[in-house]
Amino acid sequence: MSKIKVTQVKSGVGRKQNQRETLRSLGLKRIGDSVVIEARPELVGMAKSVSHLVAVEEVD
């Protein structure tokens, strides 16, 4: 299964509670943090829901 790299580029401060919780669920705590996760539909959807706060790229 393919993997994606999710990097937080903007802060979650001042955002809605569900967006902050989504960042935390993805494993992101602060700006610059990156995680490599499997590209499962539920995780891709989480990344898309906070797409204005993160950068997503495919990893081989």
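Our structure is the block above this text.
Residues numbered from 1 in each chain as written. Predicted model: local features only at pLDDT ≥ 70, side-chain atom pairs only at ≥ 80, totals over all residues. Heavy atoms only, no water.

## What to know about the side chain of Thr22
Residue position: Thr22 is located in helix 1 (residues 17-26). Separated by 2.8 Å, the side chain of Thr22 and the backbone oxygen of Asn18 make a polar contact. For Thr22, the contacting residues outside a window of four places in its chain are Met46, Ser49 and Val50. (Helix = DSSP H or I, 4+ residues; strand = E, 2+ residues; numbered from the N terminus. Polar contact = N/O pair within 3.5 Å; in protein donor to acceptor, adjacent residues only side chain to side chain. Contact = heavy atoms within 4.5 Å.)

## As for the nonpolar core
If you look at the biggest cluster of nonpolar residues, it comprises 12 residues: Ile4, Val6, Leu23, Leu26, Leu28, Val35, Ile37, Leu43, Ala47, Val50, Leu53 and Val54. Residue assignment for this core shows that the elements contributing at least two residues are strand 1 (3-8), helix 1, strand 2 (34-38) and helix 2 (41-49). Once you skip the residues sitting within four places of it in the chain, Ala47 turns out to touch Val6, Leu26, Val54 and Val56. (Core = buried A, V, L, I, M, F, W, Y, C linked by side-chain atoms within 4.5 Å. Buried < 20%, exposed > 50% of the residue type's maximum accessible area, 1.4 Å probe, protein only.)

## Thoughts on the side chain of Gln8
Positionally, Gln8 belongs in strand 1. At a separation of 3.0 Å, a polar atom in the side chain of Gln8 contacts the main-chain carbonyl oxygen of Lys10. Ignoring any residue separated from it by four or fewer positions in sequence, one finds Gln8 in contact with Leu23, Leu28, Lys29, Arg30, Ile31, Gly32, Asp33, Leu53 and Val54.

## Brief notes about the sheet that holds strand 2
An order of 2-1-3 is seen for the three strands of this open sheet, with the pairing classed as antiparallel. Each edge of the sheet is formed by a strand with only one pairing partner; in this case those strands are strand 2 and strand 3 (54-59). Ignoring strand direction, the axes of neighbouring strands in this sheet form an average angle of 25°. Pairing analysis gives five bridges linking strand 1 to strand 2, with the strands arranged antiparallel. When the bridges of strand 2 are listed, Thr7 appears paired with Ser34. (Pairing = 2+ DSSP bridges. Axes fitted to C-alpha atoms, helices over the stretch in contact; angles between N-to-C directions.)

## Overview of the packing of helix 1 against helix 2
Orientation of helix 1 relative to helix 2, taken along the N-to-C sense of each, is 135°, at an axis distance of 10 Å. Comparing their axes, helix 2 and helix 1 come out oblique. Considering the relative orientation of helix 1 and helix 2, their crossing is left-handed. Contacts from Thr22, Ser25 and Leu26 of helix 1 reach helix 2 at Leu43, Met46, Ala47 and Ser49. For the contact of helix 1 with helix 2, the residue count by class is four nonpolar, three polar and no charged. (Parallel < 35°, antiparallel > 145°, perpendicular 65-115°, else oblique. Left-handed = near helix turned anticlockwise from the far one by under 90°. Nonpolar A, V, L, I, M, F, W, Y, C, P; charged D, E, K, R; others polar.)

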